[in-house]
Structure formats: structure tokens, C-alpha cells
Amino acid sequence: MLPGYVAGHYESKDIHLDLRKLCSFSGIRFLHTAAVGIVHKNEDNAKDKSGGGWIICSDGRPNVRYDVLSIDIGSSPSIPTDLMLSSSSFATANSHRHPAQQQQQQQQQQGDNKQITTAVTTAATTTGDNKVTPVKPIATFSTRWDHICQRLQQSSPGTYSPSRPFVLVVVGGGAGGIELALSVQYTLQNILRDKNASSSSSSYESIEDCIRIILATKGMDILPSHNERVRDIFKRILKERKIEVRYGAEAIGMCSAPCSSVSTNNNDNNNIDGPARTTAVLQLQDCLKLSDASVHQPPIYFDECLWCTSAGSSSWVKECTPFDKTEDGFFKVRDTYESTSHRGVFAAGDCCHMVDNPRPKAGVFAVRAGPILCDNLLAYLLNKPLTPHEPQKEFLGLISTGDKYAVASRGEHALEGEFLWTLKDQIDRTWMSMYQNLPSMEEEMVEGNQKELQLDSNHEPNNHYIPPSLSSRGQDAVAAFAEATMRCGGCGAKVGSQTLTRVLNAVHRRRVRNYESKSYSNNNNQQFPKKIDADDAAVIRIPQSSRGGALIQTIDFFRSFISDPFVFGKIAAVHALSDCHAMGAQAHTALALAVVQFAANEAMTERTLVDMLSGASDVLEKEGCDLVGGHTCEGAEQALGFTVSGFVNDPCALLRKRGGKIGDKIVLTKAIGTGAIFAADMRAKCQGEFVEEAIDSMTTSNRSASRIAMNLIDARRKKGQDVGIHSCTDITGFGLCGHLLEMLLANDNDDVDDTNSYDVSSQQQHDRIAAQLNLAEIPFFQGAMEASKDGITSSLYRENSRSRRAVTNHQEAAKSCPFTYPLLFDPQTAGGLLFFVSCDVCDEFVKQLSSDPDTKVAAIIGELVKYKSDTALMNENSVCDNIDDSMTIRCKETANRIYMNF
């Protein structure tokens, strides 16, 4: 389908399968990393080449252990190494540029096209803008193809003409190269045609002659694997389309060579009103470097070159794998798809060579190998005989011609017509649809587990799949699970804010009663705190400390929501450290509590723990926090948490939730929506790119943003100025609204631990504050908005949404912004920091955050205003039912704390 994408018949999403979504649907662990080597366990034992091994990955994770290995990594065009390295650098160099920088580069390129005035000019051949692009990997090719199209779209009138056409060379005379050449020509001519139609004057004498396509092949004929009738058809089509074919032209690289061209100049000061002046220009232009056998060929100059030669193997496969391979680097396999040298190692598709039944490299063989490969993998695990497979010798090839026309090839037969394009399109779309349009996971859970359906009190099926491990916990647990069968992990698995508040209040009241009744000994002679301190971490006095230092302690723990334990470990560590970052403290040590799922053998348990704790330790070590110990156990679900400890010499300098002042700006450092994204991912309804965006955010520490804030506070304190940054918290399980509300209410609690607290602000009277949020300024993940549109929410959303009673204009906001407003109650895992910053400091603070490469977002999302405590203003969403007296008081305190601007 790639030629159809180039021709504009398909969008990018039409030709891609979302592997992460597919794995999520299938219950398969997905590791988003690149393999760079394979080590087989018994490689030194010549008699025993079974026993599994390890895959070495590019992201530094522990080697991935395997018992049985199946390889299907496809192939890439046989392209010289130096060209492969430089071509891939284009996508890398441009993918990290800010859009403004890309626009500036494009404007510079346009300017360069207008300023060719010297006698000799040099075309760009640097590695940052290499003009030779292989068709694989597709991501690199797509980036370069977009660049080529933009180059023509943004070209000045007259830049390309019949005397100086845009020249694109396609290297490769097989079906792929021919399809690509015809599709490229179709699109580029349409671009110039549309550009000419929108111009007030006719800029191009002949659109067809302004685009020159050259097909270079080392063979003396095209389509060597197809019959003569098919070759004759395409020779006719190529001639009709004026595509030049260079036979016997074996390209081995790129070079620059002098090329004479014609330049037309209308800017001669002495010839203002006269005819245009035409001069010959000697120009150094990119051209193909040909082999010694092709020296008779004239130079092949080009503006762009696309490489689509025969299949080649990756260099790491040739150099870093122990299995038998052909001279070209393809894995040798038997007719069972098992390696000829190692038992339990299988390969299929373009990356392998079947010794007994060799076949050409074609996608049809990879597709047909799938069912046989699946059966043989299971047979090997069960110690059963493997099934041989003899692939078909002939297959139907449908080769497109750029426009919606195709040629059929099978054996000695050939056929052409528009109906064949329709057939090809239908076949391709049908096959892709099987893996793109997945059924509902809830329906699959029911259909695939009919025997596990639980019965209600009337012994009738309740149409919900209940995990067997849950049935032993009683009917209450089963009923609770049935209300939301898709239970979220991460911070989406937290107990809700309302429930937690009631629990903590009840425990605190009990402690107060015990203290007042002298039922326990108070060895520290400290006054018992009047209220609960709701800060992100506990600040504890160090006994007999001469420096007045304090110990910082915090804890976080949640079950996994992602199949990759290495990445999960990173996220869990980033999340646990965020409480320290929110207070501006430095973490020093951490203790881990890890739960691994019950496994079939110790080796699986061991590897899961190694991966999970390695990911976590990588994050902790980077921040100078030592993982000093912990506790592990087995359980029904994978989970991980940390207790984090730190020390501070000046605890009065810590940031707290309280302290915000009227007029402060509200600053956020990460986008919102991870809970909704992973709720959708659990249902296989979230695009993989959206999940990757969320993972990138969740594995990015808040340390840098915290350090910027503390440095700014320290500098202002030394000058005797107001610190400027008055309070902070991290956005996690209670969502943006829930944690913002905590900060607003914190100013009301002026009597929290006022005797023993190191918080200077606790000894001051604070403004009673409310917040105005600008909904349009809040950054949301694209995947979260898509999930919200589909009505997908985290399992904690319902509890979090109770804080809507704090929103004065809740109904108006919900009606006007039905997809973004609900995300304010979305639980976040490893979310960003939320600051209250004075107006005179805010611009400088946001500027520093924006320029910091480790800070994802620097958004001013609202400001603090004076709180009007008139309870008569409580809106209808503030009604509190079925709660105790203390919570009723809390409902009144939270009413009208937040106002939405949209």
C-alpha cells in the first residue's frame, strides 16, 4: 500500500497497523525498543543448541530472556552503509526541531532557490539534508517524502521548467521500484498542476516536462521475477509516462559532479525593461555513483533519490546473532520455519531463507507462514512434532501504476485495467481492517470466557466476565467489580479523595481521643496536631539536630497498567519522587515494595523483578537517590511502590500546598489525561502513538521544574524579596481539579500543626482563595481527548468528579466543553507540578521552564482570586448526601472555589 500512500490514495493511518493496540487487545507484552543483538544460552555446546537465550536491546534495559524465539523483522533495501547512515539522519535532525525552526529552515531554502547568482554553486549534500532515501524504514521515508512534496509546493514560480526540471531518481527495477516511480510522478505532477491552477498567471509551459523521473536498474531488463507480457506492459506504460529507464546502471553511492544548466535572470540592472537574460551556469549537482561495470553510463544527476532495490538484511543480524545465515545475512530455516542451526528459534517473512523451498521476498509468503508458524511454536513448547510447510510457487501480483490502474501478474499470465486497482484496494483494505478495527474487549471477555461467567442470586448469567481469583472474595467484591470490569491501574487505582478524607478524619479523631485520655505515652512531649497536614510529604523533626534539619518521607504504591515491567518501574519511580519534587526537597534513599504475578517458574519471576527494579533504579540513580532495600512478594497483579526519604537543612524553605495569594498565576508543567489514555488502552481503543506520548511524559521526572523553582526562590530570598513561588503540589490520582482544590483549601487550615511545624506559612494568616481556570490554556493529551469523545473514563473518574461541587459554573462548563472539561477530574500517574506564582515572577519562571529540555509543559492555566465564602452561593452540584457532619462542612467549604473560563 506504500505506493498508494505516495500517490495520495491512502493516508498514513490507512497503511499502518497499530502494534501496541494489537498487543493490548491480544494480552501480549509489548516492549517498544530495538533489538541490537541476540545471545544464545548454549552457544558453546556444539551438541545442544536449545535452551533459550537473551535479546540485547538498544534502550539499556536488562537483556530480554527467551525460551523460544520467533523472528520476523522484514528486510530493508540493499543500500550502501554510508548512505543508510546519512539518510536516517534527516528524520532524526528534523524530528527534534521546533515548528518555528522548521519554518525558518523552509524559508531559508526558498531564499536559497532565489539567490543562485554565482557561476558555480554546490548542492546540499550534508548528512543533515541527504537526498538519498531508502523506502524502509517507512517512518524515515515518510518524513523525507513530506519534505519533497513541501519543496515543490513552496517553490517559486519558474523554479522548475522543461529546461530545468525537478529530477527524481528511483533506484531499483523491480515491482516496488516501478510502482514507486509511477506514484511519485503522479503526485509531483499534481502538485505543480494545482500550484499552476491557483496562480494568476501560467507559470509552467508543460507540467509533464517540469518533472523528470529516472528509473535506474543494474539489470538489463525490468521486473526480472515477472513474465515477459508483464514486462512489455510496463515498458509501454513507462514510455507513455515519459519515465526514463537506465538499464545496466548499478548505483553504489552518491557524489557531486559538475553539471551545466541554464539560468534566466530578470534582475540585471542594465536590462530592466528588456528581455530576460539567459546564461550558462556550471553547477555541482548530486549524481549517482555507479559501479565499474556501469562506467559506460552517462552521469545520472538528481534533486532527490529514492532507493528501492532488492531486499537486504540488517547489519546487526549479520554481526550480532549466532544463527546460520546466508551470505546476504538472511536466517536459514527448514520447511518448519525453525532455524537450521538452533532448536527453538524460528523465523518467517523477508528476514529468512527457506533452504528446502526457497522463495522470492514477497509479503504473501509472510502472511501465509503465520498459521503454520503459530502451530509450530505451540508444538515446540508441547514437545510435539513440527509441521512442514511448502509455500506456493506462484502467487497473484497486483502492481499499481500511480493512478487508479493496476497490472495483474501470475505465472505466465498478465492483465491490466482499472478494475484490478479496485480489486487490489479491496484486498488490501480488507486485510488491514482485520487488525485495525478490533472488536470490543468487553465483548471478547464475555465470549471467550463463557464457562467463567458468574451467576447472580437467581443463578442467571450477569453478562460480566469475573476473574476466577475474585470469586473467592465474596459477593460484595464480585458486585463491585461488575460495576466497572475494566479496573484501572496506576493512580487510577487509588482510593477516592472523599473516601480517603473520611478514613483519615476517623483515624485522626480516634488518635485525638486516645491522646486526650492518656491511653498512650507521649515520649516526645509534643502537642498533638489539631488537624491533619495534607502536604505531599511528611516533614519530621530530627531529634537533637544542631542544624535544625528535618527528614522528608513519602510513600507511593500502585498496580501496573502497562505490560512492560521496565517502563513500569521507571514510571513508578518518577511518580514516587514527585512528592519530594513538589516540596522542593532532594530525595536520598528509597525502599521498594514489589509485587510480581504468580508465574510458571522462578525464572519468569526473576526476570520480571529484574526488569521492574532496573527501570526504577535507573530513574532513582539519575536523581541521586539510592535504592537501599525493600520487600517483594507474589500476587494476582503486578504492582510497585516506594517509600522515599530525604533530608533538608532548612525545612522552612520547603514548598507547601498552602501559601497561595490573591493574584497569583497558576502554572502547570505536564499535560493532562493519562488516566483516560490508559483506560482506553485497556480496551484497545487508544492509538499507540498517543500511549507513547503519555509514557514519554510519565517517564520524565519533575526534578528539573522543581529545581528551577527552588533556585528562583533562593535567589529572591537572598535579595530580601518575596519568594514569588508561593506553593506547589504534584497532579496525581485526584486529578487537576482535586489537587487544585486541596491547595485552595490548605490556606483555610491555618491551625495545622502550628506548634511543631517547620512551615513558616503555617504561622501566618492566609488569603482565603478561589481559582479561575482558563480551560483553553490547559494542555490535554490528544489521546485523552479522543478517549473522552468515546465516553471512556478511568475507574477513579466517578469518585474524582464529585469535586465538581467546587466548580461554580459546572453545568455551563460541562455543556460548552463536553470533552475537555471531564478531563479535569481524570486521575494522573506521574503527572506534572502545579505552582501558585506571583505575577512579577511568573513570566521569568515560565520562560525558564520553557527553555528547559526536561520540562514538558510550561502553561499558565489560570489565577487565584478572593474566595467568597457566602454559603448561599452553593450551586446545585454542591449538595452532599450520605456523608457525616465533617464532610458536610467540607462540602460547604469547597463550594464555588473554582470558576471556569472558556
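Details of the structure are given in the entry above.
Treat the numbers as computed from the prediction; the structure is a model and nothing was measured.

Draft legend 1. Structural view of the packing of helix α18 (residues 674–682) against helix α19 (residues 688–698). Viewed as axis vectors pointing N to C, α18 and α19 meet at an angle of 135 degrees, and their least axial separation amounts to 10 Å. As the angle between them shows, α18 and α19 are arranged oblique. The handedness of the crossing between α18 and α19 is left-handed. Contacts between α18 and α19 pair T674, I677, F678 and D681 from the former with F690, V691, A694, I695 and M698 from the latter. A class-by-class count of the residues in the contact of α18 with α19 yields seven nonpolar, one polar and one charged.

Draft legend 2. Just the sheet that holds strand β8 (residues 166–171), in detail. As summarised here, the arrangement of the five strands in space is β7-β13-β8-β9-β10, forming an open sheet in which the pairing is parallel. The outermost strands of the open sheet, each flanked by one partner alone, are β7 (132–134) and β10 (244–246). Taken pair by pair, the neighbouring strands of this sheet meet at an average axis angle of 20 degrees, ignoring direction. Each of β7, β8, β9 (211–216) and β13 (304–307) is contacted by helix α5 (residues 138–153), which is oriented at about 155 degrees to β13, the strand it contacts most.

Draft legend 3. Region of interest: the pattern of salt bridges. Following the criterion strictly, the structure yields 31 salt bridges and no others. With a shortest N-O distance of 2.8 Å, D67 and R65 are connected by a salt bridge. Judged by its relative accessible area of 37%, D67 is partly exposed. Taking the relative accessible area as the measure of exposure, R65 reaches 27% and is therefore partly exposed. Taken together, the shared-partner salt bridges connect R144, R151, R164, D303 and E304 into one network.

Draft legend 4. Highlighting helix α22 (residues 782–789). Those residues of α22 lying buried are G783, A784, A787 and S788. Viewed along the axis of α22, the buried residues span an arc of 140 degrees, placing them on a single side of the element. Of the residues trailing α22, G791 is marked for its positive phi of about 75 degrees.

Draft legend 5. Structural view of the pairing of strand β26 (residues 665–668). Inspection of the sheet shows β26 paired to strand β29 (residues 833–837) by four bridges, in the antiparallel sense. For K665, the partnering residue across the bridge sits in β29 and is V837. Summarising the sheet, β26 and strand β30 (residues 859–866) pair through four bridges and their orientation is antiparallel. What sits directly across from K665, in β30, is E863.

Draft legend 6. Molecular detail of a nonpolar patch on the surface. On the surface, a nonpolar cluster with roughly 430 Å² of combined accessible area is contributed by L17, V367, W431, M434 and Y435. Of all the elements, helix α11 (residues 418–436) adds the most residues to the nonpolar patch, at three residues. Turning to its location among the elements, Y435 is positioned in helix α11. Given a relative accessible area of 32%, Y435 falls into the partly exposed group.

Draft legend 7. Inspection of the sheet that holds strand β18 (residues 397–401) at higher detail. Taken in spatial order, the three strands make up an open sheet running β18-β19-β20, and their pairing is antiparallel. Strand pairing shows two members of the sheet lacking a second neighbour, β18 and β20 (413–417), which therefore form its edges. Neighbouring strand axes in the sheet, compared pairwise and without regard to direction, differ in orientation by 20 degrees on average. Relative to strand β19 (residues 403–410), β18 runs antiparallel, the two being bridged by five bridges. Residue pairing for β19: S400 is matched across the bridge by A406. Here helix α6 (residues 175–198) sits on the sheet and contacts β18 and β19; the angle it forms with β18, its principal contact strand, is near 25 degrees. In this fold helix α8 (residues 228–240) packs onto β18, β19 and β20, with an angle of close to 30 degrees to the strand it touches most, β20.

So, how was this worked out
- Residues numbered from 1 in each chain as written.
- Predicted model: local features only at pLDDT ≥ 70, side-chain atom pairs only at ≥ 80, totals over all residues.
- Heavy atoms only, no water.
- Axes fitted to C-alpha atoms, helices over the stretch in contact; angles between N-to-C directions.
- Helix = DSSP H or I, 4+ residues; strand = E, 2+ residues; numbered from the N terminus.
- Parallel < 35°, antiparallel > 145°, perpendicular 65-115°, else oblique.
- Left-handed = near helix turned anticlockwise from the far one by under 90°.
- Contact = heavy atoms within 4.5 Å.
- Nonpolar A, V, L, I, M, F, W, Y, C, P; charged D, E, K, R; others polar.
- Pairing = 2+ DSSP bridges.
- Salt bridge = Lys/Arg side-chain N within 4 Å of Asp/Glu carboxyl O.
- Buried < 20%, exposed > 50% of the residue type's maximum accessible area, 1.4 Å probe, protein only.
- Arc of directions from axis to C-beta.
- Patch = residues over 30% accessible without salt bridge, like charges linked within 9 Å, V, L, I, M, F, W, Y side chains within 5 Å.
- Areas by Shrake-Rupley, 256 points an atom, 1.4 Å probe, with all protein chains shown as cover.

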